[in-house]
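Structure at a glance
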Amino acid sequence: RPRWGGSRVAWCPSSRGALATTTTTTMMMTMRGKARAGAATRGQRRAFAPGDRDRGGGMTRTMRWMGCVDGGDGERGARVARTWAGMSNGANVVAGAGRARAARLGAARARRVFAVGDDGDVLLGGMFDDDDGGDGDLIAEATAMALELADDVAEGEYSIDDDELARVGEDVEGESFDDGDASVALLREIFEEANVTATWVALDDDEDVEISGIANEINALLSGDLFVCSKGDDCANAAREAVAAGAVAVVSDREIDGLADVPMAIVEDIDAALADIARVFYGDPSKALTAIALAGNVGKTTTSYLVKAVFEEADIKMGLVGSNGNYVDDDLKLTAQGGVWERDEEDVTRDRACTSPGWLAPYRGKYEFEELGSDALQFQQLTAGILDNGAQAAVMEVSAEQIRCKATRGMNFDIVALTSLDGARVNYNGLDAEYTAHVAEVFKGLSNAETQRAVINKDEIDSDLFEEYASSVPIVTYTTDLDNRVGADVFPARVDYSLFETAISLSTPAGNVEVVVGLVGEHMVGPICCAAAIGLAAEIPLDVIAAGLEAIEVIPGRMELIDEGQEFSVLVDSANTPEAIERAIRSVRATGCARVITVLGCEGEDENRGQRAVVGKVAHDLSDVLFITNDSPRAENPYEILEDICGGFRTEIYESDKIREEALFPFLKDMYQVHENARYECMRLQNLVRRYIMVDRYHAIRAAIGMAEPDDVVLILGRGAKDYFIVGREKHWFEDALEARDALKKIGAIQASGVDTRNLPWASISARATNPSAGNLLD
């Protein structure tokens, strides 16, 4: 069953004691029931053992860990198979009642995999015992973990212990591998272990159903999954569609007709039930990690990258779940369901340095992820995916809305940190108390003073309340206020800003340290202090924390510095609300820059269409030069979006003394919207007020960079690390950072050739000297 996408090689035992192979089989028969082919990545091979009880020919349970086989419930007479995937860094086996876990950790030098039977016999990798030992006994099985390993197994010396199986002998060369999820479990057992109370429909007391996965979205459902309905009026239709797609059971908060006798569990709280059963099904993976939650409205993404850098400097492999996607290390990307992301079609633009005007570049073979944040199921799946890919820690962004929907329920966070609530209440239905209560809920879960810590921003008005919620555990506090440091453990004693980096003298309980971080702007100080406090809470040495912070070069889409050796700064940021835009512009003003040149737009079909004029007004008031352009227009007229944004400052411009007698027509439009005879005059007037309207973002970015002079800051706002536009209902490839870099690489040569890029339209300086209305070279 290819759980993570794509067909993979899987092994299962046949009745003759040999290993049968297949590349596509989703279900394979063993001598006493069925075994599902576990999804693997990069050619991992597996084998599973049938259980000691024959419930409709089904396997009672198998563990999802690589090489692990489990004969069912140990309390009912099954033997425990202890298995060990002996990777190059070694690992212990954890064996319990009916469960055995093998180490994961893909490594280039894979050793053998073994299973131990009741009699203590060691069964070599790629082989298994053909004698079942009688009714109710477990067939102990093991399979080699790397390709072609089975044929190369040689005898070695072994010692057996209750807790680990140690091997003495030569390493066997093998390929690196990853593991997927091949869990199979009984529905009632999952509910019992999760303490979820349910009313069962179409399932008698002495019956159970085997599930091989959990899904709460139709597009993520695989045959054999348990489908959990979301709240809402469309619950019944979704459940019926899920059953038609292969769901073997349904969880809902109401009874649903038309499910063709498919078992249903009716629960009172669907969000809580989803969180609890997902935690049990995926083995409570966050318990095996150092899990860090970042709560707040501002700074979570930046802080997550800084924390990841600090932990990796301490040689702790870390996964990241957040607004820019889900990662282990820098290159391994995870899907929303925790699987390793693999390109499913050719990326035809992979080697291109930029896109093209008119939103024409195709969007194919790119990494797509859930931008609205993970739910309770995805948190468990992602945590399991991070663990299965060898990470020891995970840092996760957590929003107030996710907490409200119980997405963090069942997560075992070791450190919970509060970044900043700045601007949050404005965007959260105006309910201050409700917003604070939701964010605080994740702090209330901290109760173990030995293993858990809280990190709290003292700059927040409600910081005392958060400290009260987290009073059961040690707390590390921080502030960015240079004038009021009372009560803060971590604070900046001095900050020096520049166009390309920020130098901070950090004061901490572990001592003082100087760090120079490649992040630009005043509002980067908070995430830097927060990450340092998290490092201290995790007992990472201060010099390692400092080295980790300095190792950060850029954070995608968060004041991302695009540096090609130019004498001005180009920054790409995700700010797209009035509060965030104001924060970003004021932040770069702290660098002492000469001018701020801002490029921004608004998305189409946005519920907050009324905010467009406010966005325009804020950017107009705070920018020296302003380019109004488009973000994803979707099905909306892109020119109308520009009109809405300009509504925030149009009247002020037209009634200004500079323009009132000059302008004979409305010139705050894209130049190609006016008559061709008026285009030069349209551009002349826009040059006069330094307010430019350009429907195509491709041109707007290049025009802004062409206009920049030494010590300026070009601030490209609104999209951050997004790599697509949506026009109509189609996605098109477009990345602000890539377009900016391409413009920087080419602008010097263009200017050196005698082209004036300081005004629009671009024109040859020599041609403009004789003909002020010389053609537009920006085209």
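Small disclaimer: the values here were computed from a predicted structure and weren't measured. (Residues numbered from 1 in each chain as written. Predicted model: local features only at pLDDT ≥ 70, side-chain atom pairs only at ≥ 80, totals over all residues. Heavy atoms only, no water.)

1. Things to note about the nonpolar core
One broad rule of soluble globular proteins: the nonpolar side chains tend to lie buried together. Where we set the bar: In this text, buried Ala, Val, Leu, Ile, Met, Phe, Trp, Tyr and Cys residues form a nonpolar core when linked through side-chain atoms within 4.5 Å. Exposure categories follow from relative accessible area, calculated using a 1.4 Å probe and restricted to protein chains: below 20% of the type maximum is buried, above 50% is exposed, and the middle band is partly exposed. The numbering of helices and of strands both runs from the N terminus, where a helix is a DSSP run of H or I of at least 4 residues and a strand a run of E of at least 2. Note on contacts: a residue pair qualifies if any of its non-hydrogen atoms lie within 4.5 Å across the two residues.
In this structure, Val455, Leu506, Ile534, Leu549, Phe627 and Ile705 are the most contacted members of the largest nonpolar core, which totals 121 residues. Considering every element that reaches this core, the biggest residue donor is helix H9 (residues 525–537), with ten residues. With residues up to four places along the chain from it excluded, the contact list for Val455 reads Ile415, Val416, Ala417, Leu418, Phe443, Val476, Tyr478, Cys530, Ala533, Ile534 and Ala537. Counting 36 residues, the second largest nonpolar core, distinct from the first, contains Leu334, Ala391, Tyr435 and Ile456.

2. Digging into the pairing of strand E21 (residues 290–295)
Selection criterion: At least two bridges found by DSSP between two strands are what make those strands a pair.
For E21, the buried fraction is high: five of the six residues fall into the buried class. Of the pairings in the sheet, the one linking E21 to strand E25 (residues 393–398) comprises six bridges and is parallel in character. Looking at the pairing, Ala295 lines up with Val398 of E25. Note that E21 and strand E26 (residues 415–418) share four bridges and pair parallel.

3. A word on the confidence of the model for the protein
For clarity, the cut-off: As a per-residue measure, pLDDT reflects the predictor's confidence and takes values from 0 up to 100.
This prediction gives the protein a mean pLDDT of 78; 74% of its residues lie at or above 70. Note on residues 1–182: pLDDT under 50 across the span, and 434 contacts to partners over four residues away in sequence or across chains.

4. A short note on the sheet that holds E21
Using the following cut-off: Axis definition: a line fit to C-alpha positions, over the contact stretch in the case of helices; interaxial angles, taken between N-to-C directions, run 0 to 180 degrees.
Strand order in the open sheet formed by eight strands is E24-E23-E22-E25-E21-E26-E27-E28, with mixed pairing between adjacent strands. Whereas interior strands pair on both sides, the edge strands pair on one side only; in this sheet they are strand E24 (332–333) and strand E28 (475–478). Strand contacts of H9: E21, E26, strand E27 (453–457) and E28, with the helix running at about 160° to E28, the strand carrying the most contacts.

5. Let's talk about the packing of aromatic side chains
To be explicit about the condition: Planes of paired rings set the category: under 30 degrees apart is stacked, over 60 is edge-to-face and the rest tilted, where pairs are Phe, Tyr or Trp rings (Trp by its six-membered ring) whose centres lie within 6.5 Å. Each ring is checked for a lysine NZ or an arginine CZ that lies within 6 Å of its centre and within 35 degrees of its normal; such an atom marks a charge sitting over the ring.
Inspection of every chain in the model, using the stated rule, returns eleven aromatic pairs. With 5.5 Å between their ring centres and 35° between their planes, Tyr367 and Phe369 make a pair best called tilted. When its relative accessible area of 23% is taken as the criterion, Phe369 is described as partly exposed. Ring geometry for Phe443 and Phe466: centres 5.3 Å apart, planes at 70°, overall edge-to-face. With Phe443 in helix H7 (residues 432–444) and Phe466 in helix H8 (residues 463–469), this pair connects stretches of sequence that are 23 residues apart. Judged on exposure class, the residue Phe443 and its partner Phe466 are both buried. Taken together, the ring pairs connect Tyr327, Trp341, Tyr367 and Phe369 into an aromatic cluster. In this structure, Arg188 packs its charged tip against the face of Trp200, placed 4.9 Å from the ring centre. The cationic tip of Arg702 hangs over the ring face of Tyr698; the distance from NZ or CZ to the ring centre is 3.6 Å.

6. Looking at the sheet that holds strand E29 (residues 491–497)
Sheets are built from strands paired through backbone hydrogen bonds, the pairs being either parallel or antiparallel. Pairing is antiparallel in the open sheet, where three strands are placed in the order E29-E30-E31. Only two strands of the sheet have a single neighbouring strand rather than two, namely E29 and strand E31 (511–517). Taking the axes of each pair of neighbouring strands and ignoring which way they run, one obtains an average angle of 15° across the sheet. Contacts between H9 and the sheet are confined to E29, strand E30 (502–508) and E31, with E30 contributing the most and set at about 40° to the helix.

7. Focus: helix H5 (residues 376–388)
Put simply, the test is: Expected span of a helix, by definition, is 1.5 Å for each gap between consecutive residues, and there is one gap fewer than residues.
The terminal C-alpha atoms of H5, which comprises 13 residues, lie 18 Å apart, in line with the 18 Å expected from a rise of 1.5 Å per residue. H5 sits mainly inside the fold: 13 of its 13 residues count as buried. Gly390, located one to two residues past H5, shows a positive phi value of around 90°.

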